[in-house]
Amino acid sequence: MCGAGLLFPIMSGFAKFLGADYSTLQISWARAFGHLVYMLIFFVPRFGLGMLRTRRFGTQLARSSMLFTSNVASFLAIVYIPLGKAAAITMMAPLLVLPLAWMVLGERASRTHMVALGVGFVGVLILIQPGSAVFQWAALLSLLSAACYAIYQVLTRLISAIDTPETSAIYSSVVGGFGMFLVLPFVWKTPEGARDIFFFCSLGVLGGTGHYFVARALAYAPANIVAPFQYMQLMGSVVVGYLFFGDFPDFLGWIGAAIIVGAGLYIGWSQRKPG
């Protein structure tokens, strides 16, 4: 999960660069289709075409739909707001996993854990600052991205006992990779220059590798234990945002992020089983 948290900020940085000149739908398609091609090249020689078989096709499509929606919302949000702020808001995903894992997986949550979830929402409100002059509507897209990604993680955990991580890694981008062909002709713009081509091609490799890491992590441990480790993504996003775009979180940004991360880490640590 930590490895995924290091790869995703770089992917988001490339997507933010592209977002200035290309449609978010085209960028999201490149992310999903590149993921599929990369995973097929990487896995089929090793595991054979049998890895494409799944016993829960509907669940896999639901996972893929949630991941694609999360990516579209995230890529659109970072066109308008800094990477660090967007990443901090999406860090609500591990907290949202808590009630979802209770409802879907039967991984029960205590009263104190639900309080921590509420504290995390306070951190989001500090970041978004609704009703103030600095409120940006795009921040709500990051919150939508977090909700969809939390559902994706729980469904990944649900399917991990049935399909292999390799199978799940392939199916996670089926909806975005193939479904977007229906609208791609209406939003397509041919990439200009070697840099843009490199960024487009890198999205699938970075995202595919990151989500394979997520699938492996969730195959080894409960979702509510592993999920908090993705907070590595927050620091990575701050670094990438500063190096690539000169963005740095303000004081309230750090306070809100600290509250969200603190709530998530409390949930993760409190559920650790004694060795």
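What you see is a predicted model, and the numbers here were worked out from it, not measured in a lab.

What counts as what
- Residues numbered from 1 in each chain as written.
- Predicted model: local features only at pLDDT ≥ 70, side-chain atom pairs only at ≥ 80, totals over all residues.
- Heavy atoms only, no water.
- Salt bridge = Lys/Arg side-chain N within 4 Å of Asp/Glu carboxyl O.
- Buried < 20%, exposed > 50% of the residue type's maximum accessible area, 1.4 Å probe, protein only.
- Axes fitted to C-alpha atoms, helices over the stretch in contact; angles between N-to-C directions.
- Helix = DSSP H or I, 4+ residues; strand = E, 2+ residues; numbered from the N terminus.
- Left-handed = near helix turned anticlockwise from the far one by under 90°.
- Contact = heavy atoms within 4.5 Å.
- Nonpolar A, V, L, I, M, F, W, Y, C, P; charged D, E, K, R; others polar.
- Expected span 1.5 Å × (residues − 1).
- Bend = angle between axes of the 7 residues up to and from the residue.
- Lys, Arg positive; Asp, Glu negative; His and termini not counted.
- Polar contact = N/O pair within 3.5 Å; in protein donor to acceptor, adjacent residues only side chain to side chain.
- Phe/Tyr/Trp six-rings, centres within 6.5 Å; stacked < 30°, edge-to-face > 60°.

A. Expanded view of the pattern of salt bridges. Overall, the coordinates contain two salt bridges when judged by the stated rule. One salt bridge connects Glu192 with Lys189, and the closest N-O pair in it is separated by 3.9 Å. Judged by its relative accessible area of 29%, Lys189 is partly exposed. For Arg195, the salt bridge identified is with Asp196, shortest N-O distance 3.2 Å.

B. Here's a closer look at the packing of helix α5 (residues 92–105) against helix α6 (residues 111–128). Interhelical geometry of α5 versus α6 gives an angle of 145 degrees and a closest axis separation of 10 Å. For the pair α5 and α6, the crossing hand works out as left-handed. Residues Met92, Leu95, Leu96, Leu98, Pro99 and Trp102 of α5 form the contact with α6, whose own contacting residues are His113, Met114, Ala116, Leu117, Gly120, Phe121 and Val124. Tallied by class, the residues present in the contact of α5 with α6 amount to eleven nonpolar, two polar and no charged.

C. The arrangement of α5 in detail. Here α5 spans 19 Å end to end across 14 residues, near enough to the 20 Å set by a 1.5 Å rise per residue. The axis of α5 is deflected most strongly, by about 35 degrees, at Pro99. α5 sits mainly inside the fold: ten of its 14 residues count as buried. Of the residues flanking the end of α5, it is Gly106, one or two places downstream, whose phi is positive at about 75 degrees.

D. Just the side chain of Asp163, in detail. Relative to the assigned elements, Asp163 resides in the loop between α7 (138–159) and α8 (165–171). Summary of buried charges: Asp163 has no salt-bridge partner, and the nearest side chain of opposite charge, Arg55, is 4.8 Å away. A distance of 2.4 Å separates polar atoms of two side chains, one belonging to Asp163 and the other to Thr54. Side-chain polar atoms of Asp163 contact the side chain of Gln60, separated by 2.9 Å. Not counting residues up to four positions away in its chain, the partners in contact with Asp163 are Arg53, Thr54, Arg55, Arg56, Gln60 and Ser168.

E. Highlighting the environment of Val183. Relative to the elements of secondary structure, Val183 occurs in the loop between α9 (174–179) and α10 (184–187). Between the C-alpha atoms of Val183 and Val44, which are 139 residues apart in sequence, the distance is 29 Å.

F. Here's a closer look at the packing of aromatic side chains. Going through the model one piece at a time under the given rule, you end up with 21 aromatic pairs. Ring centres 5.7 Å apart and planes at 35 degrees place the aromatic pair Phe17 and Phe244 in the tilted group. With Phe17 in helix α1 (residues 2–19) and Phe244 in helix α13 (residues 232–245), this pair connects stretches of sequence that are 227 residues apart. Look at Phe17 and you get partly exposed, because its relative accessible area is 22%. Ring geometry for Phe244 versus Phe245: centroids 6.1 Å apart, planes at 70 degrees, classification edge-to-face.

G. Local environment of the environment of Phe33. Relative to the assigned elements, Phe33 resides in helix α2 (residues 24–47). Each C-alpha atom, one on Phe33 and one on Ala215, is 18 Å from the other, the two residues being 182 residues apart in sequence. In this view, Phe33 contacts Gly177, Phe178 and Phe181; residues no more than four positions away in its chain are not counted.

This is a description of form; function is not addressed.
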